[in-house]
Each structure stands twice: as C-alpha cells, then as structure tokens.
Amino acid sequence: MKIRKEAEEMPGVTLNQFSEAAQSTGTSKNGYLFQEMELQDGEKEDCGKDSPDTPKHHIYDNELQIGGSDPEYPGFGLLNTTRKYVKPMNFQEEVRAHKDLDGFLAQASILLDEKAATLDEVLRRMLTHVVEDARGSCDADEVMTSLFTDAGGKECNVHLLTETIQGVTATTTGVHYQQSWLCILCNVRSLQRRHVCIARLERPQNWGVNCCEARLVILVLAPPQTKSTKTSTELGRTFATMFSDIFFRQKLLEAKTQEEFKQELVFQRQQLSVVTERMAKEKVEDSDPRRGKPLQLKDFFRVGKGVYDDLRRRLPLYPSDFTDGMSGKDRCLLKYTTTAIFLYIAILLPAIAFGSLNDESTRGEIDVQKTIVGQCIGGVIYSLFAGSPLVIPLTTAPLAIFISVIRGICDDYDLDFDAFYACIGLWNSLFLILGGLFNVSLFMKLFKRSTEEVIALFISIAFVGDAVKGTVKIFHHFYHGPTLATSNSTLVLEQIKDILERMKNQTGKPPEHRNDTSSPTGHWEAHASVFLPEALVTTTRERPVLCLLLMLGTLWLGYALYLIKRSPYLNGRVREVVSDCALPISVLVFSFIGSYLFLDIQLPVFNVHDGPVFNFPPFNKLSAISTLSAVGLGFLLALLIFIDQNIVISLTHVPEHKLLKGTTFHWDLMLTGFINILMSCLGLPWMHAAFPHSSLHARQLAKVEQHVENGHLYSTIVSVRETRLTSLVANILIGVSVFMLPIPLQWIPKPVLYGLFLYIAATSLDGNQMVDRMALLLKEQTSYPPTHYIRRVPQRKVHFFTALQMIQLIVLCAFGMYPLPYMKMVFPLMMILLVPVRTSLLPRVIDAKYLDIMDAQHQ
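This one's a predicted model, so the numbers in the text were calculated from it and none came from an experiment. (Residues numbered from 1 in each chain as written. Predicted model: local features only at pLDDT ≥ 70, side-chain atom pairs only at ≥ 80, totals over all residues. Heavy atoms only, no water.)

Asker: Is there a simple way to think about the overall build of the protein chain in this case?
Answerer: Counting its secondary structure elements, the protein chain contains 28 helices and 16 strands. Long-range pairs, those at least 24 residues apart, make up 77% of the contacts in the protein chain between residues at least 6 apart in sequence. By element, 59% of the accessible surface of the protein chain is carried by carbon and sulfur atoms, the whole surface being about 39000 Å². (Helix = DSSP H or I, 4+ residues; strand = E, 2+ residues; numbered from the N terminus. Contact = heavy atoms within 4.5 Å. Areas by Shrake-Rupley, 256 points an atom, 1.4 Å probe, with all protein chains shown as cover.)

In structure tokens:
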C-alpha cells in the first residue's frame, strides 16, 4: 500500500499523551507510525516532561522513567512512557487491513456531529454506543477506567490516556502532530471480539498540546488474548493509516449521513489498494519549468516543445474544469457563488481605478469604459483557454505607468497615440509568442521563492502607494478654507449685492450687525456676516476628511470580515461565507455611506466619456522610423509582462496550495500574447496575470484545516477546486457592468476604490515569508513562531537575509515609483537583476544551505 503523496503531512501513527510534545532528535523517518504508551507504575500524582531518544534503526521500545521532584510529596508516583514507530498498514499486501475494515462496516459504530466537548464525555458516549451494539458484553465503567493512567489509584489524579495512536510528520527539526484526529486503544478482558467506534465531533475540541483541533476520534477495543494480527495495535494501524490522509479526513467531515461516511471509508481503501502510477506525476513535474533537470542551452531550441507538452497534459483535464464541484457529494455551489462575487468586485474596482488613471494620462484615449470592456474580453478568453484557470489577468499599475510614458513620447515627438500604442502592443505580443515557442519560461528555474516574494511585496506596496497618492491628491486639491469659485470680481460683487438687497427687503432694515468694532477715528463700524451661495465656493475641508474615513473604513470593515473565519463567532459555514464576501460587503456599505448618507458632500468620482469603444489604429500615420522605434518599447513591455506573468503563476501554484492539475507556463505566455494582439488592435488596455488576485482566487476556493503548534495557529490547505467557472462568471458580469455606466457605478466614490487597494495589499501579505521575517525584527525572541527557518538557521543569518531582501525591495521601489517617467521604463531590467543577486551574490555572504532552507516552505 502507498500512502498518498498529496497530503502535506506524511502519515505516521503515534500512541501519544496529550500533555506532552514529542521532542524528536531527528531519528524518526517519514511514513512510520509513532506509538506512545503511558503505563502506570505504582501510585502517581505528578509527572515531569520527558525527552526520549528514539532509536534510528528499529521500531522497538524506548523507555524513560519519570518521577516527581519530591518523593515525599503525598500522591507521588512514577509514569513509564514508551514510544515506538509502527509502519503504516500496507493495503496492497496485507490482507488483514481489508478484513479489519470489512468487520467494521458489517457492524459499524459511527457517531456523527457529537456535541460532547470533553474527552471523558466523548469516550463515554462512544462506549455506550459500543455496549449497545455488543449487547452488554463489556462494562462501560470498566473500560473507562482502563483508558486512563489513573486506573486503580485512589490518590492518583494524573488523568492521561494510556495508549493512543496519532499521526506525525517526522523531520530533521522535530515531530509535527496531526491534531485533527486521534485513535485510542484499550484491551478489555471481558470482550470476546474486537470493537471499533468512530466519532465525528460537531466542533473542534482542544484536548491538550498535541491535540488542539480534534474532530475525529477512533476508539479501538480488543480482548488481550488474541492473535498477533488481531491486537488493538494492529487494528488501530488499519484505521490510523486511513485517517493519516488529510484529503480523506476532509471528506469525512463533509459526509452528511452514516452511509456517506462508510462510502468514504470504502473509497479510501480502494485508493490505498491501487498501485500509484508515477509516470503521470513525473510528466507533471517535468513540464513545470521550476522543477526537473538544470537549464541547458538546447532546451531553448526545441521550438514549440513546451507548448506541446503543456497542451498534451492539460487538455484531458479540460472537461473537469467545468464539472468539478457542480454535482454529486462534492458539490460546492455556494463556494463558487461567493468566490465569483468576490472576483467580480476585486476585478471590477481595480479596472475602474486603472481606467480612471489611464483616462487622466491619455486624455480620454483609454478610459474606464474601454478598460472594463477590455477586461471582459480578455478575461473571458483567458478563463476559457488558459492552462492555469485560477490565474486572473488584469491591467495593472505598471501597465498604466507604461501607457502614460507612451502618451508622453507621442506628445514629445508628435506621434499618433492610437497607432503608436497599437504598434508597441503588436511588437510586445510577438515577443511573448516567441517566448512561448522557444521555452523562455524555463528561466523560472532561476527564480527562487525569496526573489518572487520581494517582487510580490513590491506589488502590494504599489497598491498602497496608489491609494496614498490618490488620497494625498484629494487633500492637496480640497483641504483648505472656502475659496471663490471664480476670479470674476464683478460677478461676485453683484451676487453679494443681491444677497444684501434681499435681506434688506425681508427685514425692512439693514442686515443684523454681528461684529462691532471701533474705528481709529472713534466711530463705530458695523460688519454684517454674509453667507455666500455654494455656487461661489469651491470646497470645504469636510470633503477630504470624509474621503480619508471612507478609504480607511473600507479597509477596516473588509479586513475585519476577512478575519472572521478565524474567530469563534457564529458557525463555521456562516463564518466562511462572510469571510468570502468581505470585500463586496465592505464596498457596498461604504459606497452607501459616502453616496447617500453624505449626499450633500460632493465626492470625487471617475469620468465617463461618450464615444466609440473600439478604436482601430491608423497605422498609415506612422513612419518607418517610428515603427522601428516601437521595437525597443515593445521588448521592455514584453519583459515586464513575462516576469509578472510567470511569477504570478508560480505564486499561485506554490506547494502549499496543493494544486493537482499542473502548470502551463509556455502556453499561458503565448495566450497572453494573443490576447494583447486583440487589445492593441481595438485600442484597449493590455493585460497580464495579476498578483495578488490570482493567489486570493486560489485561497477562496480552498478547503482549510487548522492546527496549533507551540501556541501559534496554522492553516493547512487540504485541497483547492481548480475550476474555470468562477473567473468566467466574474468576467461575464464585468461585461454586463458596461451597461451600469455611469449610474450606478459612479455611486462608488474614488476613496472606496483606494480602500479596496489597501484591502488587497493587506490580504496578500498572508503566507509571505519575507513579511513574517520582517515582523521578527519587532518581536521578542520568546514569541518567535516555530517555523522551519527559526529552528534550522542561526538567528543572525535570518535577520541578515531579511535585511538584504529589504534592500532589494527598496531598490525596486526606487525605480518603480520614482516620479521620472523614463526611469520607470528600466524597471523590468531591475527585476531581472534580482535573479543573479540571489543565485550568485547572496551565496557569497550566506551559506547556500541556509539560503535553501529560508527559500523552502513551512515544514
């Protein structure tokens, strides 16, 4: 039998006490069952912590005597702890595994959604169920006494399970427990046959250090005198091997009836009994540019091989991209619906923001309407034909900056913008298509995780920068005292005279004196307060202050609702839905507040122009020299899109996401080129894969299991639905939104768009190890999380590496955000230079083994 490799945690089985953390010396091996038994020797009252040495080359007992600190203390006892690794049950070769499961299915004892909270209550409910099935052949009280270490001791209160099995992942840095399930073993003398009871708890329960998120409990009872293949340990091996698969556990949690629960058990047995075909997996790894053999020059001259391999491997899985999750017991329509709504808002509002930015920089040549139409066309094409359907294409801030530079060049050299823009776009698309044909994406082998995270963090900072710059512009324009709307003094004096005349006619006397002052001549002069009409006053200070509150409010509400999935409020399903819809809820709430509750305060909104959506470029207005000069700009643009496209795909397909259908770097790069040909010829903004929308899309479709390690909460993604439907529906809805211009989309104020940018930047920081290591600089050492680099890399090296990454980030920000437009043109070259810095420069100052550890995922 083979344990499925997709599970993040390699299966091991442990007999474990809850109050202890197993501190391994690194001698255990993955794939073994870790067994820990706690036996009572005499009366016992207190016990210390143990640190056993596990033998390297065998799986037999390793005992350690533990005593209290004061033998004269009343109730003192000794606790004998035995740990041993047990091999997982091999379902392909061991017949007993199938007989064990058949025996359980014939008379299954299953408790679904058990409401009991404490371990004792759960076990007593399970024993009651077993006694009913066994027709009174065992005494529940006797079994309860045998389950714990305090059996038979009147003065003993060390209430620990005697023998358990629990999954572990053994690494060189220690032992990590699978905390969502537990198998409890007990030998009962009065039993004539073996019994198994499985309970699924309604809510996760915290039962100790190594079992903080218990949802599934397996109780195995067996007579003490039996064949060696029928002992409680052997029976526990069978079920522990099955439950060590994280995907299987997730399916059990979703089962609604006992029959579905049994069907999942049968299906899991079939999966473990079938020999895994490794050829398909090896092909997947070979097609991924990030894996496989080192780069060779000849790989770039195998024209079209990468695209061919991508399509040959991905096309058989194409129908499942539409059918997965739509029917059957794995149906998740609610998840798809909330994800599509999230994507609709997360794509539409940046499209409006960048469309407004392009509108200002190109003076209406590319406006909001064209950006939305382009997003719909390009997004639908990418959703239907891309090999990585979770990746979201967008027009981004770097592209908006590039377009503004092109507008400036056209003004400086008197060029037709539509024609020059289309020419650059066509050259760019040509380079992208050639890059796909000549397997240029193989260069992704040189990009390490740390380099990708620097670029990802720069993109997040760019979102924050756009929001801050927009808000600063609003304050600069409006945050001052009331000023006259016109410089025509005659018009102002006439209106003031009319106001005074109306006040005099209404009261029959001059205006009321508000302020009396004494003149230098000793005569009294009266100064009347005259309120000017709003038509003469441009603004007051409440407008920018309201804009700031709307931006920060959108961020606060969205992020608070996003984090509700980690809170204890409501139930799990409601928390998940609210968290998925956090962004739409926040945008709707603060758009209502800004546009309705403060209707009397005019807020900045984007402009909408009347005119044709598609502009076909007049290439005859370009000279030959202008056409050739577009080659350089097209190459720089292709370089920018190549880096962003491939890095976004790489960040979306990180191992933590457990995506199973593989990547298609070469084909997706070509497809982006074809899409940009269409965008260029229609006068629409270019697009490429966008971060963090693509990673957020994968997380929205993920099933998550949480566990606690040394007081820190970690979320492990169990699986991700790789579907095209969510992005396809979202982009179709964006196309429908064209008919919502200008109303009601203009009811969304610009500050809410800036709040969206801040929300996207904040949520994109999750899982970025560079951000986590930067946070360590502000923490005391005792609160450091138990990550793999903390345990395996000297602290100085960790901080030094983080400082070097921060320097790289500052350089990127300097080139990417410097106000000089032409300086931003070389920004793609700066991103390319990060590769030799990581591969050649950093190994000279930090050991390569430490660099590789810090570039790895959390273990």
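Asker: Sorry, what's going on with the side chain of Glu 722 here?
Answerer: Looking at the element boundaries, Glu 722 is found in the loop between β16 (712-720) and α22 (725-736). For the buried Glu 722, no salt bridge is present, and the opposite-charge side chain at shortest range is Arg 314, 5.0 Å distant. Here Leu 660 takes part through its backbone nitrogen, which lies 2.6 Å from a polar atom of the side chain of Glu 722. A polar contact is formed between the side chain of Glu 722 and the backbone nitrogen of Lys 661, at a distance of 3.2 Å. (Buried < 20%, exposed > 50% of the residue type's maximum accessible area, 1.4 Å probe, protein only. Lys, Arg positive; Asp, Glu negative; His and termini not counted. Salt bridge = Lys/Arg side-chain N within 4 Å of Asp/Glu carboxyl O. Polar contact = N/O pair within 3.5 Å; in protein donor to acceptor, adjacent residues only side chain to side chain.)

Asker: Help me out: how do you make sense of the nonpolar core in this one?
Answerer: Soluble globular proteins tend to pack their nonpolar side chains together in the buried interior. Ranked by internal contacts, the top residues of the largest apolar core, which has 122 residues, are Ile 352, Ile 372, Phe 420, Ile 455, Trp 686 and Leu 812. Take this core: its biggest share by element is 14 residues, from helix α19 (residues 624-652). By size, the runner-up hydrophobic cluster in this structure holds 29 residues, among which are Leu 119, Ala 140, Val 143 and Ile 184. (Core = buried A, V, L, I, M, F, W, Y, C linked by side-chain atoms within 4.5 Å.)

Asker: Please clarify how the side chain of Thr 802 should be interpreted in this entry.
Answerer: Mapping Thr 802 onto the fold places it in helix α26 (residues 795-817). Of the residues examined, Thr 802 reaches a relative accessible area of 0% and is grouped as buried. A polar contact is formed between the side chain of Thr 802 and the side chain of Arg 773, at a distance of 3.3 Å. Discounting residues that sit within four places of it in the chain, Thr 802 has contacts with Arg 773 and Met 774.

Asker: How should I be thinking about the pairing of strand β8 (residues 181-187) in this particular structure?
Answerer: Side-chain positions along a regular strand alternate between the two faces of the sheet. Of all seven residues that make up β8, six are buried, and the element is covered over most of its length. Relative to β8, strand β5 (residues 163-165) runs antiparallel, the two being bridged by two bridges. Directly across from Ile 165, in β8, lies its bridge partner Cys 183. Pairing of β8 with strand β10 (residues 214-222) involves seven bridges; the strand directions are parallel. Considered in β10, the bridge of Trp 181 is made with Leu 216. (Pairing = 2+ DSSP bridges.)

Asker: How do you make sense of helix α13 (residues 417-437) when you look at a structure like this?
Answerer: Working note: α-helix, 3.6 residues per turn, so residues spaced by three or four point in the same direction. With 21 residues, α13 extends 30 Å between its outermost C-alpha atoms, agreeing within 8% with the 30 Å of an ideal straight helix rising 1.5 Å per residue. Looking at where α13 begins, the residue whose side-chain oxygen comes 3.4 Å from the main-chain nitrogen of Asp 418 is Asp 416. After α13 finishes, the residue Asn 439 shows a positive phi value of roughly 60 degrees. (Expected span 1.5 Å × (residues − 1).)

Asker: Even after reading the chapter, I still don't get the confidence of the model for the protein chain, so can you show me in this structure?
Answerer: Caution applies to low-pLDDT parts of the model: their predicted coordinates are not meant to be read in detail. Averaged over all residues, the pLDDT of the protein chain is 79; the fraction at 70 or higher stands at 80%. In the predicted structure, residues 1-32 sits below a pLDDT of 50 and forms 146 contacts with residues beyond four places in sequence or in another chain. Predicted confidence is poor over residues 37-69, with pLDDT under 50, and the contacts of this stretch with residues over four places away or in other chains come to 106 contacts. (pLDDT = per-residue confidence, 0-100.)

Asker: Even after reading the chapter, I still don't get the packing of aromatic side chains, so can you show me in this structure?
Answerer: The geometry of an aromatic ring pair comes down to the distance between the two centres and the angle between the two planes. On inspection of all chains with the given rule, the structure shows 14 aromatic pairs. Aromatic side chains Phe 417 and Tyr 421 sit 5.6 Å apart centroid to centroid with 25 degrees between the ring planes, which places their arrangement in the stacked category. Residue Phe 417 and its partner Tyr 421 are both found in helix α13; the two are separated by four residues, about one turn of the helix. By relative accessible area, which is 4% here, Phe 417 ends up buried. An aromatic cluster of three or more residues is present, and its members are Trp 181, Phe 243 and Phe 248. (Phe/Tyr/Trp six-rings, centres within 6.5 Å; stacked < 30°, edge-to-face > 60°.)

Asker: Honestly, the environment of Pro 828 in this entry has me stumped. Any pointers?
Answerer: Considering the arrangement of structural elements, one finds Pro 828 in helix α27 (residues 827-845). Pro 828 sits in the buried class, given a relative accessible area of 2%. Taking the C-alpha atoms as reference points, Pro 828 and Gly 816, separated by 12 residues in sequence, lie 8.9 Å from one another. Leaving out residues up to four positions away in the same chain, Pro 828 has contacts with Leu 636, Leu 639, Leu 640 and Ile 643.

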